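Each chain, letter by letter, is given below.
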Amino acid sequence: SSNYWLNRIQSFLYCNENGLLGSFSEETHTCTCPNDQVACHGSLPCTVGDGSACLSCAPDNRTRCGSCNAGYMLSQGICKPEVAESTEHYIGFETDLQDLEMKYLLQKTDRRIEVHAIFISNDMRLNNWFDPSWRKRMLLTLKSNKYKSSLVHMILGLSLQICLTKNSTLEPVLAVYVNPFGGSHSESWFMPVNENNFPDWERTKLDLPLQCYNWTLTLGNKWKTFFETVHIYLRSRIKSNGPNGNESIYYEPLEFIDPSRNLGYMKINNIQVFGYSMHFDPEAIRDLILQLDYPYTQGSQDSALLQLLEIRDRVNKLSPPGQRRLDLFSCLLRHRLKLSTSEVVRIQSALQAFNAKLPNTVDYDTTKLCS
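Keep in mind that what you see is a predicted model, and the values were worked out from it rather than measured. (Residues numbered from 1 in each chain as written. Predicted model: local features only at pLDDT ≥ 70, side-chain atom pairs only at ≥ 80, totals over all residues. Heavy atoms only, no water.)

Bringing the pattern of salt bridges into the picture now. On inspection of all chains with the given rule, the structure shows seven salt bridges. Residue Arg203 pairs with Glu171 through a salt bridge whose shortest N-O separation is 3.0 Å. Taken together, the positions of Arg203 in strand E13 (residues 202-205) and Glu171 in strand E11 (residues 170-179) put the pair 32 residues apart, joining distant regions of the chain. By relative accessible area, Arg203 is classed as partly exposed at 46%. Each member of the salt-bridge network shares a partner with another, and the members are Arg312, Asp313 and Asp363. (Salt bridge = Lys/Arg side-chain N within 4 Å of Asp/Glu carboxyl O. Helix = DSSP H or I, 4+ residues; strand = E, 2+ residues; numbered from the N terminus. Buried < 20%, exposed > 50% of the residue type's maximum accessible area, 1.4 Å probe, protein only.)

See the structure below:
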């Protein structure tokens, strides 16, 4: 049969060293020798195929690769997986702070890790008493996409100092939304405080004549994420004794027909956001994106795609907990690089197509956040 003669010829070509004739296996691309003491292996040609196989053999030496498939680089005649270079040139991610050190600094509300954000609110002012029975809105924003384009920012924790009048029946309830890179409030995600292992507020009584507490939310390295603006909504609930007298029951203020039951005033002395700023070079990332259409040198397009994939995955890894990651990378492109929606879609499609060609990679679904 033709298979017999093909095997016979390949055995003569590749398994006929040292005066011994072995048998060639097409499946394993190896020789089986009749005597284990003496090798019958000759020089085998390169394997052409997908993945780590050669795209073509070298014209001057058929045993070596001449070119490689997408995602692999040629090194000493064989194809090795390409690895993206460090992303630090484009965007920083890391901090030198360890978990215990960070927790200590957050507990002490250390000014060295305070990010100086602008406080904005039409509903209230800091250090002023107000009636908290209606929802109040506060913002802590950095305006980085206008004034600090060379930095992105990471949030590690949040701290508020809240005071109540004596014998107040009202208890503060806080809802926090985080906007990662700018844009509208609808492009913020809700912080799931005290849900699915997410941290809860820690309250510490202050030694003051009034009922004053420090409210601290510690994210640390585990839950840190990008932020541009923090939206804080303050509502209040009424605390009263339960039927047994030993437990507390909470009501919404509006559930009471008699508004006189909503006793007490509140004031917020300060709000601080803790974190750190990182290097960000929008022009360098734009240069990477340009190489998708106009590669400067042969192979630079694959290199640019690898770098963008690495940045995309590291940015999205810092999305909040949930069944699916948020597409924070698209937010970065939209609001910090000022790219149009169609450009963002094109870049994401190119990355997805390139990622599908790489070995041992699993793409993941994301939830859209930014328009």
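There's more to say after this.
Below, the discussion takes up the pairing of E11. In terms of residue burial, E11 counts as a mostly covered element, since seven of its ten residues are buried. Where E11 lies against strand E12 (residues 189-190), two bridges are found, and the strand directions are antiparallel. Bridge pairing in E12 links Tyr177 to Phe190. (Pairing = 2+ DSSP bridges.)

Attention shifts here to a nonpolar patch on the surface. On the surface, Tyr4, Trp5, Ile9 and Leu13 cluster together into a nonpolar patch covering about 470 Å² of accessible area. Within the secondary structure layout, Ile9 lies in helix H1 (residues 2-14). (Patch = residues over 30% accessible without salt bridge, like charges linked within 9 Å, V, L, I, M, F, W, Y side chains within 5 Å. Areas by Shrake-Rupley, 256 points an atom, 1.4 Å probe, with all protein chains shown as cover.)

This part covers the state of the cysteines. For the coordinates displayed, the defined rule picks out seven disulfides. The partner cysteine of Cys15 in its disulfide is Cys31, sulfur to sulfur 2.0 Å. The sign of the -80° torsion about the S-S bond sets the Cys15-Cys31 disulfide as left-handed. One end of the pair, Cys15, is in the loop between H1 and strand E1 (23-25); the other, Cys31, is in strand E2 (residues 30-32), and 16 residues separate them in sequence. By relative accessible area, which is 0% here, Cys15 ends up buried. Across a sulfur-sulfur distance of 2.1 Å, Cys68 and Cys79 are joined as a disulfide pair. Taking the torsion about the sulfur-sulfur bond, which here is approximately -90°, the covalent link between Cys68 and Cys79 counts as left-handed. (Disulfide = S-S within 2.5 Å.)

Let us look at the nonpolar core. Most often, soluble globular proteins keep nonpolar side chains buried together rather than apart. In this structure, Leu158 and Phe226 are the most contacted members of the largest nonpolar core, which totals 76 residues. With eight residues, the single largest contributor to this core is strand E10 (residues 151-164). Here this core gathers at least three residues from each of two domains, domain 2 (99-279) and domain 3 (282-367). Ignoring anything within four residues of it in the chain, the contact list for Leu158 reads Leu140, Val176, Trp201, Trp215, Thr216, Leu217, Val230, Ile232, Gln272, Val273 and Phe274. (Core = buried A, V, L, I, M, F, W, Y, C linked by side-chain atoms within 4.5 Å. Domains from an automatic or database assignment. Contact = heavy atoms within 4.5 Å.)

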